[in-house]
Amino acid sequence: MAQVTSRPRRLAVGVAAMTSRPSSGLAFGRNSRSNTCRIVVRPPPMPTMPQRSSFPLRHNDWIPLGLRRMEERRLQRVRALSTMAASVDDDATTSPQLPFDPKSFDPTDETIPPLSPSQFYTDGQIPMPKALSPSAILEFQKCPQSYLFQYLLGLRQGTNEALARGTFCHTALENVFDLIPEERTLDNLHNLFRKAWSDERLSGDYRGLFEDDKEETATRNLDAEVRWGKSALALLDNYYQLEDPRSVPVPNPLAREIWVSSELLSDRGDAFLVRGIVDRVDLINGPNLRIVDYKTGKCPDFKYSPATNDRIAHESFFQLKIYALLVREMMRKQQADEEGNGGVNGGGEGGSPRRKSSGLPMNLRARIPVRNLRLIYLTSKDGGPAKYLDCDLGATEEARNAELDRIQEDIGRVWSSIQSLVQTNDPRAFVHCDRAFCWCHKVRPRFIPKTVWQRERPGGDG
């Protein structure tokens with residue numbers, strides 16, 4: 001089994017302040033020629049731009065011509081995504097025995113009676129997941145019990161301010177590229193966020209975020225909502241200074257918010273489905289592809305020992321490496337399908353058969369390899385500027401395949417572990433973690449003692 005910390009890393013760190021002027025480089029750590037971290041520091045920040053629109057947005061007078069066309073394309077994407085399962089990993093079924101909807105589960109609700117895991121599945125067997133996503137894989141690796149609660153029993157964490165901020169920042173960053181370059185101004189980026197939030201702020205998923213209580217007569221805390229909105233706009237300010245979307249070269253982005261999926265094999269030879277949504281794909285020199293992911297959390301620090309920095313880099317890019325693996329497998333399937341059809345790239349009923357065969361968007365079908373992964377963090381330590389981290393998968397096809405094959409082995413072991421635990425049909429086999437903030441510690445007290453795993457304490461009864 002390969003050790004994570006022994007793998008070579010090609011990691012570059014880009015730091016942007018409030019300008020897009022040429023940067024100066026400063027190397028740190030080990031020898032700068034030996035595949036180590038490199039930080040690029042930009043000049044001091046310039047003053048931020050004033051806010052010229054109200055929050056929340058209450059009118060659409062600001063919408064330029066490009067956005068009217070954008071809205072139709074957005075609705076088309078929403079309709080396309082709605083055909084996919086809302087949760088690709090959750091195979092739990094809601095039993096009539098449950099006194100509440102698992103999707104709206106609140107672990108602080110004292111009116112919910114003590115729970116038993118068997119209430120969540122009707123056939124007496126813990127369900128196997130239909131598919132895995134990168135977030136599900138990461139959750140299982142960190143805390144099997146949290147994975148059990150969220151992905152097998154369906155007790156997902158509800159929306160909070162941080163998750164909502166990330167969701168609507170992502171929406172704005174996706175939609176800004178529907179505009180022609182000269183319309184991709186900071187004001188329009190802000191207003192895309194305002195519009196998306198204004199459309200959803202009173203919906204079921206977000207209505208309670210800024211209400212003082214859960215009753216029908218609850219009053220809305222507009223001051224808290226405005227503070228939250230301004231914090232999100234500040235993140236978009238940071239992004240705009242790191243990457244001016246007006247200067248992103250054509251044809252980029254090649255794709256945005258695309259589903260990628262593939263069947264993989266576990267270490268036991270079992271096939272299982274992995275899928276997820278990629279924020280953005282760009283074309284870079286080579287030609288090669290770059291997978292881009294936006295993060296509203298803080299950029300990690302690389303100030304530790306080489307081994308620790310290696311581990312942080314691996315964990316940070318693990319999700320994007322899964323996406324790169326899925327794109328590679330989809331391209332291989334496309335190639336196999338074309339060879340099976342005698343190299344013909346056409347035919348089929350009512351549309352493109354290439355879409356049906358591999359699932360890749362048309363502009364990603366040239367089998368250009370994924371070489372670079374980029375994480376764009378919209379903030380850094382102490383509310384600092386946006387930063388990006390780049391990971392080079394390898395200069396040669398052999399090096400890239402070797403790295404992605406290791407990721408596939410890691411995922412296969414995760415699937416086999418999940419399969420083994422599910423086959424025990426014992427919820428107590430899913431152990432919890434020691435992270436104080438983990439969902440497992442909030443949900444576990446709601447279950448009847450001894451029905452889920454609980455670490456025994458010295459001198460206590462567990």
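S.K.: Describe the environment of H190, listing the residues and the values that go with them.
M.R.: Among the structural elements, H190 can be located in helix α5 (residues 186-200). A sequence separation of 44 residues divides H190 from A234, and the C-alpha atoms of the two residues are 9.3 Å apart.

S.K.: With reference to specific residues and values, describe the nonpolar core.
M.R.: Across soluble globular proteins, nonpolar side chains have a tendency to be buried as a group. By size, the foremost hydrophobic cluster in this structure holds 71 residues, and its most contacted members are F120, F149, V274, I291, L373, I411 and F447. Ranked by residue count, the leading element in this core is helix α7 (residues 306-340), at 13 residues. If near-sequence neighbours (up to four positions away) are discounted, V274 is found in contact with L132, I137, V260, S261, S262, L264, I322, L326 and I411. Judged by nonpolar contacts, the second largest core, of 33 residues, contains A164, V176, V248 and Y388.

S.K.: Quick rundown of the environment of W259? Include the residues and the values.
M.R.: Within the secondary structure, W259 sits in strand β4 (residues 255-265). Residue class for W259 comes out partly exposed when judged on its relative accessible area of 21%. Taking the C-alpha atoms as reference, W259 lies 9.3 Å from D279; in sequence the two are 20 residues apart.

S.K.: Give a description of α7 that names residues and reports values.
M.R.: The α-helix winds at 3.6 residues per turn, so residues separated by three or four positions along the chain end up facing the same way. Here α7 spans 47 Å end to end across 35 residues, near enough to the 51 Å set by a 1.5 Å rise per residue. Along its length, α7 shows its largest kink, about 50°, at F318.

S.K.: Tell me about the confidence of the model for the protein, and name the residues and values.
M.R.: Averaged over all residues, the pLDDT of the protein equals 79, while 73% of them reach at least 70. Below pLDDT 50 for its whole length, residues 344-357 participates in 17 contacts with residues either more than four positions away or in separate chains.

S.K.: Report on unusual backbone geometry, specifying residues and quantitative values.
M.R.: Along the chain, N252 connects to P253 via a cis peptide bond; the corresponding omega equals -10°. Mapped onto the secondary structure, P253 falls in the loop between α6 (222-242) and β4. The step from G286 to P287 runs through a cis peptide bond, and the omega angle for that step is 0°. The backbone of N425 shows a phi angle near 55°, a positive value even though the residue is not glycine.

S.K.: Go over the side chain of R280 with me, naming the residues and quoting the values.
M.R.: As for its position among the elements, R280 is in strand β5 (residues 271-284). A polar atom in the side chain of R280 sits 2.9 Å from the side chain of Y294. Excluding residues within four positions of it along the chain, R280 makes contact with F177, Y239, E243, V248, P253, A255, R256, R290, I291, V292 and Y294.

S.K.: Kindly report on the packing of aromatic side chains, identifying the contributing residues and their values.
M.R.: Within the structure shown, the criterion is met by 14 aromatic pairs. Aromatic side chains Y147 and Y151 sit 5.2 Å apart centroid to centroid with 20° between the ring planes, which places their arrangement in the stacked category. One end of the pair, Y147, and the other, Y151, are both in helix α3 (residues 144-152), four residues apart, so they sit about a helical turn from each other. For Y147, a relative accessible area of 0% translates into the label buried. Under the relative-accessibility criterion, Y151 is labelled buried at 7%. Cluster of aromatic residues (ring-pair linked, three or more members): F168, F193, W197, Y206, F210 and W228.

Thresholds, definitions, all that
Residues numbered from 1 in each chain as written. Predicted model: local features only at pLDDT ≥ 70, side-chain atom pairs only at ≥ 80, totals over all residues. Heavy atoms only, no water. Helix = DSSP H or I, 4+ residues; strand = E, 2+ residues; numbered from the N terminus. Core = buried A, V, L, I, M, F, W, Y, C linked by side-chain atoms within 4.5 Å. Buried < 20%, exposed > 50% of the residue type's maximum accessible area, 1.4 Å probe, protein only. Contact = heavy atoms within 4.5 Å. Expected span 1.5 Å × (residues − 1). Bend = angle between axes of the 7 residues up to and from the residue. pLDDT = per-residue confidence, 0-100. Polar contact = N/O pair within 3.5 Å; in protein donor to acceptor, adjacent residues only side chain to side chain. Phe/Tyr/Trp six-rings, centres within 6.5 Å; stacked < 30°, edge-to-face > 60°.

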